[in-house]
Amino acid sequence: MKNRPIHGAGLGFRRELIEALKAGVPEHIDFFEVAPENWADMGGRSARDLRYFTERHPFVCHGLSLSLGGPAPLDTHLLRRIRAFMDMHQITLFTEHLSWCADDHHLYELLPIPFSEKAIRWTVDRIRQTQDLLGCRIGIENASYYIAPPGAEMSETDFIREVLTRADCGLHLDVNNIYVNSRNFGFDAHDFLTALPLERTYYIHVAGHYTEPDGFLIDTHGNTVNDPVWTLLETAYAHIGKPVPTCLERDFNLPPLPVLADEVQHIATLQAKALSARREVACCTPRSTTASAALD
């Protein structure tokens, strides 16, 4: 399993799903995602259950609490735990949020980083440290937020591009986060998406959200994915030029596994459509050095 590339459509690994998954993993689920903070150093039955699946299926680690943009010192102890966890389970891909969530204690909320040159330098240094300690490039996720960060000196997309370029890391694209922020702050989700450095996309999240009575959206990961988010995912594949490993996030209010499998299958369907379109372009485009390079 070591160094096996992640591909296709995946599902967040939840304890509530373990028994159903043991009875049979639906065919369209190509990998699972796990939060290492919730599983590292775990013993007993939970550890055995996780090992059962990591021995049989590829896994991705998605971090929740590194606070890459936060003021507190980078948690190198946590990073060493994560690296040991990844080595134990032969996991090769790690992603985290472009946000902050801790100062002298954990705040249990992902907060936006000011879009400033100073914040870029600070965050880039911490991402580089993270990559050095983990021994791999990581993916950084565009985050949802509910207050506009103060002190903005540039657009969010320019900020993300600068961070990823200077840190030499990948983009973990979350299309639901884009949609939620676009509705709450009144910008065009498609324009935001296409302004991102999509050529750096390592990995994608898709999820559902909750709509408050006043129309404000909350990124809960507790509902089915809605049509505008599916459309944004399809647009992302078209602009990236290929299907990218994509995980369905569902953190609570879990339906039966077959219902989740249907949503994962929809991801797979959109990926197959994107791959078919790419092949059609390749067949219809005259062969040249430039065209060949664009499709590789």
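Residues numbered from 1 in each chain as written. Predicted model: local features only at pLDDT ≥ 70, side-chain atom pairs only at ≥ 80, totals over all residues. Heavy atoms only, no water.

Student: Would you explain the overall build of the chain in this entry?
Tutor: If you tally the helices and strands in the chain, you get 10 helices and 12 strands. The buried share of the chain, reckoned over its 296 residues, is 51%. Contacts in the chain between residues at least 24 apart in sequence constitute 79% of all its contacts with a sequence separation of at least 6. When the accessible surface of the chain is summed, it comes to about 13800 Å², and 52% of that surface belongs to carbon and sulfur atoms. (Helix = DSSP H or I, 4+ residues; strand = E, 2+ residues; numbered from the N terminus. Buried < 20%, exposed > 50% of the residue type's maximum accessible area, 1.4 Å probe, protein only. Contact = heavy atoms within 4.5 Å. Areas by Shrake-Rupley, 256 points an atom, 1.4 Å probe, with all protein chains shown as cover.)

Student: What exactly am I supposed to notice about the sheet that holds strand S8 (residues 170–174) here?
Tutor: Two modes of strand pairing occur in sheets, parallel and antiparallel, and in both the strands are linked by backbone hydrogen bonds. Around the barrel, which closes on itself, the eight strands sit in the order S1-S2-S3-S4-S7-S8-S9-S12 with parallel pairing between neighbours. Each adjacent strand pair in this sheet contributes to an overall mean axis angle of 30°, direction not counted. Pairing analysis gives three bridges linking strand S2 (residues 31–34) to strand S3 (residues 59–62), with the strands arranged parallel. Each residue of the ladder has a partner; that of valine 34, found in S3, is cysteine 61. Packing against the sheet, helix H6 (residues 175–185) makes contact with strand S7 (139–141), S8 and strand S9 (201–207), and its axis sits at approximately 60° to S8. (Pairing = 2+ DSSP bridges. Axes fitted to C-alpha atoms, helices over the stretch in contact; angles between N-to-C directions.)

Student: Please clarify how the environment of alanine 238 should be interpreted in this entry.
Tutor: Summarising the element assignment, alanine 238 is placed in helix H8 (residues 227–240). Taking relative accessible area as the criterion, alanine 238 reaches 60% and is therefore assigned exposed. Sequence separation between alanine 238 and alanine 277 is 39 residues; the distance between their C-alpha atoms is 8.3 Å.

Student: Would you mind showing me how to read the pattern of salt bridges here?
Tutor: Side chains carrying opposite charge are able to pair once their charged atoms draw close together. With the rule as written, the count across this model stands at 16 salt bridges. Ionic pairing is found between arginine 51 and glutamate 55, a salt bridge with its closest N-O pair at 3.4 Å. With a relative accessible area of 32%, arginine 51 lands in the partly exposed category. Of the residues examined, glutamate 55 reaches a relative accessible area of 49% and is grouped as partly exposed. Where arginine 121 meets glutamate 117, a salt bridge forms, and the shortest distance between an N and an O atom there is 3.4 Å. Taken together, the residues span about one helical turn, with arginine 121 and glutamate 117 both in helix H4 (residues 117–134) at a distance of four residues. Via salt bridges that share partners, Glu19, Lys22, Arg45 and Asp49 belong to a single interconnected network. (Salt bridge = Lys/Arg side-chain N within 4 Å of Asp/Glu carboxyl O.)

Student: For this particular structure, what's the right way to read the confidence of the model for the chain?
Tutor: Reading predicted coordinates in detail is not appropriate for stretches of low pLDDT. Per-residue pLDDT for the chain averages 90, and the proportion of residues at 70 or more is 90%. Per-residue pLDDT stays below 50 along residues 288–296; that stretch engages in six contacts with residues further than four places along the chain or on separate chains. (pLDDT = per-residue confidence, 0-100.)

Student: How do you make sense of the nonpolar core when you look at a structure like this?
Tutor: Note that soluble globular proteins tend to have their nonpolar side chains buried in a common cluster. If you look at the biggest cluster of nonpolar residues, it comprises 74 residues, and the most contacted ones within it are Leu11, Phe13 and Leu173. Residues within four places of phenylalanine 13 in sequence aside, it is in contact with Ile18, Leu21, Phe32, Glu33, Trp39, Leu50, Phe53 and Phe59. Judged by nonpolar contacts, the second largest core, of six residues, contains Phe31, Val60, Tyr203 and Cys247. (Core = buried A, V, L, I, M, F, W, Y, C linked by side-chain atoms within 4.5 Å.)

Student: Even after reading the chapter, I still don't get the side chain of serine 144, so can you show me in this structure?
Tutor: Here serine 144 lies in the loop between S7 and helix H5 (156–167). A distance of 3.1 Å separates the side chain of serine 144 from the side chain of aspartate 219, its partner in a polar contact. (Polar contact = N/O pair within 3.5 Å; in protein donor to acceptor, adjacent residues only side chain to side chain.)

Student: It is not clear to me how the packing of helix H3 (residues 76–89) against H4 should be interpreted in this structure. Could you clarify?
Tutor: Two elements in contact, H3 and H4, have axes whose closest approach is 9 Å; the angle formed by their N-to-C orientations is 40°. One element, H3, and the other, H4, form an angle in the oblique class. The crossing of H3 and H4 is right-handed. Of the residues in H4, those in contact with Thr76, Leu79, Arg80, Ile82 and Arg83 of H3 are Thr130, Asp132, Leu133 and Leu134. Classifying every residue of the contact of H3 with H4 by side-chain character gives four nonpolar, two polar and three charged. (Parallel < 35°, antiparallel > 145°, perpendicular 65-115°, else oblique. Left-handed = near helix turned anticlockwise from the far one by under 90°. Nonpolar A, V, L, I, M, F, W, Y, C, P; charged D, E, K, R; others polar.)

Student: So what exactly am I meant to see when it comes to helix H2 (residues 44–54) here?
Tutor: Each full turn of the α-helix corresponds to 3.6 residues, which orients residues three or four apart in the same direction. Turning to H2, its buried residues number three or more, namely Asp49, Leu50, Phe53 and Thr54. All buried residues of H2 project into a common sector of 130° when viewed along the axis, lining one side. Those residues of H2 that are exposed and angled more than 90 degrees off the buried face are Arg45 and Arg48. Considering only its buried residues, H2 is in contact with helix H1 (18–23), S3 and H3. (Arc of directions from axis to C-beta.)

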